[in-house]
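What the coordinates show
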Amino acid sequence: MSSNIFSAKKISKFFGHGKKTVCAVNEVSFDIADGEIVSIVGGSGCGKSVLAKIMLGLYKPNGGEFLYKGKPITNTRDHWNEVQSVFQDPFGCFNQFFSIRAQLKDAFGILKNKPSKQEIEQRVDEALLAVNVKPADIEGKYPFELSGGQMQRMLLARIFALKPKVLIADEPTSMVDACVRANILDYLMKLKVELGMTIIFITHDIGLAYYVSDRIFIMHDAKIVEAGDPAEVTQNPQSPHTIKLLEDIPDINREWIKK
Ligand SMILES: Nc1ncnc2c1ncn2[C@@H]1O[C@H](COP(=O)(O)OP(=O)(O)OP(=O)(O)O)[C@@H](O)[C@H]1O
Ligand SMILES: [Mg+2]
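All of the points below concern the structure found in this document. (Residues numbered from 1 in each chain as written. Chains lettered and ligands numbered in written order. Predicted model: local features only at pLDDT ≥ 70, side-chain atom pairs only at ≥ 80, totals over all residues. Heavy atoms only, no water.)

1. Some details on the site of ligand 1
Neighbouring ligand 1 are 14 residues, the closest being Ser44, Gly45, Lys48, Ser49 and His204. One nitrogen or oxygen atom from the side chain of Ser44 is found 2.5 Å from an oxygen atom belonging to ligand 1. Taking Ser49, its side chain carries an N or O atom lying 2.8 Å from an oxygen atom of ligand 1. For the shell around ligand 1, the element with the most residues is helix α1 (residues 48-55), which contributes three residues. A breakdown of the residues in the shell around ligand 1 according to their chemical character gives six nonpolar, seven polar and one charged. (Near = heavy atom within 4 Å. Polar contact = N/O pair within 3.5 Å; in protein donor to acceptor, adjacent residues only side chain to side chain. Helix = DSSP H or I, 4+ residues; strand = E, 2+ residues; numbered from the N terminus. Nonpolar A, V, L, I, M, F, W, Y, C, P; charged D, E, K, R; others polar.)

2. Quick look at the sheet that holds strand β5 (residues 83-86)
Taken together, six strands build an open sheet; the order of strands is β5-β6-β7-β3-β8-β9 and the sheet is mixed. Strand pairing shows two members of the sheet lacking a second neighbour, β5 and β9 (223-228), which therefore form its edges. On average, each strand axis in the sheet is tilted by 20° relative to the strand beside it, whichever way the strands run. Here β5 pairs with strand β6 (residues 166-170) via four bridges, running parallel. Note that in β6 the partner of Val83 across the bridge is Val166. Against the sheet, helix α6 (residues 148-162) contacts β5 and β6, and its axis sits at roughly 165° relative to β5. (Pairing = 2+ DSSP bridges. Axes fitted to C-alpha atoms, helices over the stretch in contact; angles between N-to-C directions. Contact = heavy atoms within 4.5 Å.)

3. Some points on the pattern of salt bridges
Within this structure, the stated rule accounts for eleven salt bridges. We note a salt bridge from Asp78 to Lys112, for which the minimum N-O separation is 3.5 Å. On the criterion of sequence distance, the pair formed by Asp78 in helix α2 (residues 76-82) and Lys112 in the loop between α3 (100-106) and α4 (117-130) is long-range, its members being 34 residues apart. Residue class for Asp78 comes out partly exposed when judged on its relative accessible area of 37%. Between Glu121 and Arg101 there is a salt bridge, with the nearest N and O atoms lying 3.0 Å from each other. (Salt bridge = Lys/Arg side-chain N within 4 Å of Asp/Glu carboxyl O. Buried < 20%, exposed > 50% of the residue type's maximum accessible area, 1.4 Å probe, protein only.)

No statement about biological role is implied by the geometric values presented.
Written out as structure tokens, the structure is:
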């Protein structure tokens, strides 16, 4: 029996018809093992988010075979019990008209075996503490009362509370400054170490990918053009697209790559 979380064999995803067809993912193959942190790195429009949505069961590939724990994704609700996401815009993920705490508690509604009310309160408190927020500090607060960085932490608190098996994090650090970004990356590592979570981390920045991952996939123009160990990929890049991404690392993250 394989312990692969995801297994993709030549999967493709097209949008549109005829001459207007856009190929977002083009015959991509990979395996992701249980407990791995894999970063998918590439420029804008190369297909990262479409691949993330295939992993979430939001899109079905037009071709190829895509398996989660050895089986095709048939029931998205069952799938979301185990596989959850953090997307680019934290405000889009919370309703402005309900308190943050109420929404963290509501999030448990997605679970098949919903914990008791008392356990939910406790898990919300623990999750807030895991992202360094005192529960009292957000008591009665609404999303508009928090900064972008604080909201991104609330998204991560939701993940700490629900403890999914797999997390798909699509540019979770895009809205925050360098200091908060380092914190978020540390929380992601904590999710892996403490909960053994499998994490797919999507970014433009190969420096961040190097910092957090067990393995890096480089995407360009709907294909995975290079894949491997972060040290190998950054120190001995084989694809010109990897070299370009290495040149584009913001200076602030460059020091992470040096040994
Ligand atoms: N629902 C859709 N309908 C049509 N085309 C789409 C759709 N979703 C994505 N695309 C196209 O697929 C390609 C890949 O998009 P995707 O969102 O995966 O890029 P990305 O790598 O996530 O980029 P970014 O880094 O800017 O988020 C793009 O050309 C995009 O326009
Ligand atoms: Mg994207």
